[in-house]
Amino acid sequence: GAVVSQHPSWVICKSGTSVKIECRSLDFQATTMFWYRQFPKQSLMLMATSNEGSKATYEQGVEKDKFLINHASLTLSTLTVTSAHPEDSSFYICSAREERGVSQPQHFGDGTRLSIL
Amino acid sequence: QQQVKQSPQSLIVQKGGISIINCAYENTAFDYFPWYQQFPGKGPALLIAIRPDVSEKKEGRFTISFNKSAKQFSLHIMDSQPGDSATYFCAASMRGSYIPTFGRGTSLIVHP
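Residues numbered from 1 in each chain as written. Chains lettered and ligands numbered in written order. Predicted model: local features only at pLDDT ≥ 70, side-chain atom pairs only at ≥ 80, totals over all residues. Heavy atoms only, no water.

Visitor: When you look at the layout of surface pockets in this model, what are you seeing that I'm missing?
Guide: If a probe as big as a water molecule is rolled over the atoms, it shows which places are left empty. Space inside the largest pocket adds up to approximately 640 Å³. Along its surface, the largest pocket is lined by 24 residues, and Leu44, Met45 and Leu46 of chain A together with Thr101 and Phe102 of chain B are the ones closest to its centre. For the lining of the largest pocket, the element with the most residues is strand S5 (residues 44-51) of chain A, which contributes three residues. Taken together, the residues of the lining of the largest pocket break down into 11 nonpolar, 10 polar and three charged. Taken together, the elements giving at least two residues each to the lining of the second largest pocket come down to strand S9 (86-94) and strand S11 (106-111) of chain B. Counting residues per element, the lining of the second largest pocket draws most heavily on S9 of chain B, which supplies three residues. Of the residues that constitute the lining of the second largest pocket, the class distribution is seven nonpolar, 10 polar and four charged. (1 Å grid on protein atoms, 1.4 Å probe; cavity = no way out; pocket = protein on both sides within 12 Å on 5 of 7 lines; lining within 4 Å. Points joined across faces, edges and corners; volume = space filled by probe spheres on them. Helix = DSSP H or I, 4+ residues; strand = E, 2+ residues; numbered from the N terminus. Nonpolar A, V, L, I, M, F, W, Y, C, P; charged D, E, K, R; others polar.)

Visitor: I'm lost on the state of the cysteines in this one. Help?
Guide: In protein chemistry, a disulfide is the covalent bond that joins the sulfur atoms of two cysteines. In this structure the tally under the stated criterion is two disulfides over all chains. Note on cysteine connectivity: Cys23 of chain A is disulfide-linked to Cys94 of chain A, with sulfurs 2.0 Å apart. Every disulfide takes its handedness from the sign of the S-S torsion; for Cys23 of chain A and Cys94 of chain A that torsion is 80 degrees, giving right-handed. Linking Cys23 of chain A in strand S3 (residues 19-25) with Cys94 of chain A in strand S9 (residues 90-97), this pair joins segments that are 71 residues apart in sequence. For Cys23 of chain A, a relative accessible area of 0% corresponds to the buried category. Residue pairing for Cys23 of chain B: its cysteine sulfur links by disulfide to Cys90 of chain B, the two sulfurs lying 1.9 Å apart. Sign of the S-S torsion, about -95 degrees for the bond between Cys23 of chain B and Cys90 of chain B, identifies this disulfide as left-handed. (Disulfide = S-S within 2.5 Å. Buried < 20%, exposed > 50% of the residue type's maximum accessible area, 1.4 Å probe, protein only.)

Visitor: Please explain the nonpolar core as it appears in this structure.
Guide: One broad trend across soluble globular proteins is that nonpolar side chains are buried collectively. Counting residues in hydrophobic clusters, the biggest one holds 25 residues, and the most contacted among them are Trp35, Tyr58, Phe67, Ile69, Leu79, Tyr92 and Leu114 of chain A. For this core, the secondary structure elements donating two or more residues are strand S2 (10-13), S3, strand S4 (32-38), S5, strand S7 (67-73), strand S8 (76-81), S9 and strand S11 (112-116) of chain A. Listed in part, the 24 residues of the second largest apolar core include Leu47, Ile64, Ala86 and Ala92 of chain B. (Core = buried A, V, L, I, M, F, W, Y, C linked by side-chain atoms within 4.5 Å.)

Visitor: Please explain the interface of chain A and chain B as it appears in this structure.
Guide: Taken together, the contact pairs 24 residues of chain A with 21 residues of chain B. For the chain A and chain B pair, buried surface summed over both sides reaches about 1700 Å², with 57% attributable to carbon and sulfur atoms. Run the count over chain A and chain B and you get one salt bridge. Across the pair Asp110 of chain A and Lys42 of chain B runs a salt bridge whose closest N-O atoms are separated by 3.7 Å. (Contact = heavy atoms within 4.5 Å. Buried area = accessible area lost by both parts, 1.4 Å probe. Salt bridge = Lys/Arg side-chain N within 4 Å of Asp/Glu carboxyl O.)

Structural data, given as C-alpha cells:
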C-alpha cells in the first residue's frame, strides 16, 4: 500500500528557532500533499494544500509566513515553522494523494510532535 | 458550520461486542466517505471507505452502512477487540475537491 514517511517524529526546540518537517511519499508520486495540525483529543485541522511545483494554498487563518511549505518534487513536501513559539507546539501531520480530479483517499504520515520551550 | 457530524464522542465496549459510530453530512455533493483509525501518537490510517452508489461495504470485522436519503453513514466494528481501541474519524469529500471534511472523532475503548 501507499506509504507516507514523515520526519522527524518528535522535535523539541527553543522559542525563536525554525523547524523543518519533511513528508515523503515512498512508493507513489504525490501530486498533492496536505499539512494538518491536530490538538489533543481534537480532529485534524487542514493548514494548507501543496501541489508539486506551485505555491501552497493556505486555509483561512493560517499564517503563510509562519508556516512555509515547499513541494519541490512529486515525492517530497516540507513544512517549516519559522520563529517558533510555544503556541506553535502541536502535532503536525502530512498526507499525500496520487491522482487529481477523482476522490481518492489520502495517505497519512505518522505525524511530528513539535514542542517549543 | 460543521459539515460532518460524528457521534458519539467517546465509546466504551466490552470485548466481543459491537462498536457503532455514526456520522451525518449535509452537503449532497459529497461522493466519497472514508473512515480513518488513529492510534495515540500516530497519523490516521485509512480503514474502510464507501461511495454513495452502495448501501453497505464490509471488510473483515468492519462494515460501513450508508443511507443516502438520510445523509448518514455509520461504522460497525463486530467482535470488538482491545486492539481496536483508538480514535476513529469519519470523513467526506466531493468529486474534484479531494479534500476531506473530517468529523470530530470518536474515542473507542474496548475493555478486555
